Amino acid sequence: GEDVEQSLFLSVREGDSSVINCTYTDSSSTYLYWYKQEPGAGLQLLTYIFSNMDMKQDQRLTVLLNKKDKHLSLRIADTQTGDSAIYFCAEKFSGGYNKLIFGAGTRLAVHP
Amino acid sequence: EAEVAQSPRYKITEKSQAVAFWCDPISGHATLYWYRQILGQGPELLVQFQDESVVDDSQLPKDRFSAERLKGVDSTLKIQPAELGDSAMYLCASSLPNSGQETQYFGPGTRLLVL
């Protein structure tokens, strides 16, 4: 079945690194995404990774993909208070027409 | 920078009333999506259009929800009659088909409260 799971909450100190984890079930997913949602707002695309890659870096963001274990992670370096938000992992479901399956989101709280 | 537009941003209605939400995708994006996001959960796809045609409405409660995209540009999602359980954020997204990863870009959403 289609399922994406994430831990619900992460608290980090400002300046530290944050690591948000995600597991997915569709081994045929071609792309995996990370979106950010601030309170009352829509979803903002942060980054994505193609399934034949195992790492992608984009400024402070590093995505790691372990396809064997169907595990995806997002690392945010030098976490700032402005990074406080909910982060959603999503897989592009191979059985749909570009259908995305989202996790429930990880709430990241950054404290001084 | 091009964005997906949605209106209204907030809607309060009583149960059994009809509500409608509007979405204008990024210009040139042929694929349009409506998602429902219940508080504390991730978005769930309700309906997907390719131009004016529905390509996936498997999760749309068709007894009360309808969606249209008559000219293949903007779209309307309607609920009639609304129920208490319909309280949620309704998100619209669009994408450019055949563009590799075909990234979905989201609008700000319409937050619906049914009393």
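Our structure's up above, just so we're on the same page.
Residues numbered from 1 in each chain as written. Chains lettered and ligands numbered in written order. Predicted model: local features only at pLDDT ≥ 70, side-chain atom pairs only at ≥ 80, totals over all residues. Heavy atoms only, no water.

(A) Region of the structure containing the overall build of chain B. A tally of helices and strands in chain B yields zero helices and eleven strands. Listing the helices and strands of chain B from first to last along the sequence gives β-β-β-β-β-β-β-β-β-β-β. Taken over the C-alpha trace, chain B has a radius of gyration of 13 Å; the compact-globule value for 115 residues is 13 Å, and the two agree within 12%. The principal-axis extent of the C-alpha atoms belonging to chain B is close to 40 × 25 × 25 Å. For chain B, buried positions account for 47% of its 115 residues. Restricting to contacts in chain B with at least 6 residues of sequence separation, those with at least 24 account for 53%. When the accessible surface of chain B is split by element, carbon and sulfur atoms take 49% of a total near 5,600 Å². Once the 10 positive and 15 negative side-chain charges of chain B are each reduced to a mean point, those two points are 7 Å apart. (Helix = DSSP H or I, 4+ residues; strand = E, 2+ residues; numbered from the N terminus. Rg over C-alpha atoms; globule rule 2.2 N^0.38 Å. Buried < 20%, exposed > 50% of the residue type's maximum accessible area, 1.4 Å probe, protein only. Contact = heavy atoms within 4.5 Å. Areas by Shrake-Rupley, 256 points an atom, 1.4 Å probe, with all protein chains shown as cover. Lys, Arg positive; Asp, Glu negative; His and termini not counted. Charge placed at Lys NZ, Arg CZ, Asp CG, Glu CD.)

(B) Layout of the packing of aromatic side chains. Per the stated rule, a full pass over the model turns up 13 aromatic pairs over all chains. Ring plane angle 90° and centroid distance 5.8 Å describe the contact between A:Phe102 and B:Tyr35, whose orientation is recorded as edge-to-face. Here the residue A:Phe102 occupies a position in strand 10 (residues 100–102), and B:Tyr35 occupies one in strand 4 (residues 31–37), the pair thus bridging two chains. Taken together, the ring pairs connect A:Tyr31, A:Tyr33, A:Tyr35, A:Tyr48, A:Phe50, A:Phe88, A:Phe102, B:Tyr33, B:Tyr35 and B:Phe106 into an aromatic cluster. In this structure, A:Lys56 is placed above the aromatic ring of A:Tyr48, and the distance from its NZ or CZ to the ring centre is 3.8 Å. (Phe/Tyr/Trp six-rings, centres within 6.5 Å; stacked < 30°, edge-to-face > 60°. Lys NZ or Arg CZ within 6 Å of the ring centre and 35° of its normal.)

(C) Structural context of the sheet that holds strand 3 (residues 19–24) of chain B. Residues and elements named next belong to chain B. Read from one edge of the open sheet, four strands run 1-3-8-7, paired in antiparallel fashion. Only two strands of the sheet have a single partner each, and these edge strands are strand 1 (5–7) and strand 7 (65–68). For this sheet, the mean angle separating the axes of adjacent strands, direction not counted, is 15°. The pairing of strand 1 with strand 3 spans three bridges and is antiparallel. (Pairing = 2+ DSSP bridges. Axes fitted to C-alpha atoms, helices over the stretch in contact; angles between N-to-C directions.)

(D) Representation of the interface of chain B and chain A within the structure. Taken together, the 24 residues of chain B in the interface contact 19 residues of chain A. Between chain B and chain A lies a buried interface of about 1,700 Å² when both sides are counted; carbon and sulfur atoms form 51% of it. Inspection of the chain B/chain A interface yields zero salt bridges. Between the two partners, chain B and chain A, sit four residue pairs in polar contact (both at pLDDT 80 or more). The set of elements that each furnish at least two residues to the side of chain B that touches chain A consists of strand 4, strand 5 (44–50), strand 6 (53–56) and strand 9 (88–95) of chain B. (Buried area = accessible area lost by both parts, 1.4 Å probe. Salt bridge = Lys/Arg side-chain N within 4 Å of Asp/Glu carboxyl O. Polar contact = N/O pair within 3.5 Å; in protein donor to acceptor, adjacent residues only side chain to side chain.)

(E) Molecular detail of unusual backbone geometry. Look at the link from B:Ser7 to B:Pro8: it is a cis peptide, with omega at -10°. Position of B:Pro8 relative to the elements: it lies in the loop between strand 1 and strand 2 (10–13). Backbone torsion omega between B:Gln80 and B:Pro81 reads -5°, so that peptide bond is classified as cis. Of note in this structure, A:Lys70 is not a glycine but carries a positive phi near 55°. Along the chain, the position of A:Lys70 falls in the loop between strand 7 (61–66) and strand 8 (71–76). Exposure remark for A:Lys70: the relative accessible area of 24% places this residue in the partly exposed category.

(F) Highlighting the pattern of salt bridges. Residues and elements named next belong to chain B. Scanning all chains against the criterion turns up six salt bridges over all chains. The residue Asp86 makes a salt bridge to Arg64 at a minimum N-O spacing of 2.6 Å. Here Asp86, found in the loop between strand 8 (75–79) and strand 9, pairs with Arg64, found in the loop between strand 6 and strand 7; they are 22 residues apart in sequence, far enough to count as distant. One network of salt bridges, in which partners are shared, links Arg64, Glu83 and Asp86.

(G) Structural context of the side chain of B:Thr103. Among the structural elements, B:Thr103 can be located in the loop between strand 9 and strand 10 (105–106). Not counting chain neighbours up to four residues away, the residues in contact with B:Thr103 comprise A:Tyr33, A:Tyr35, A:Leu45, A:Tyr48, B:Ser94 and B:Ser95.

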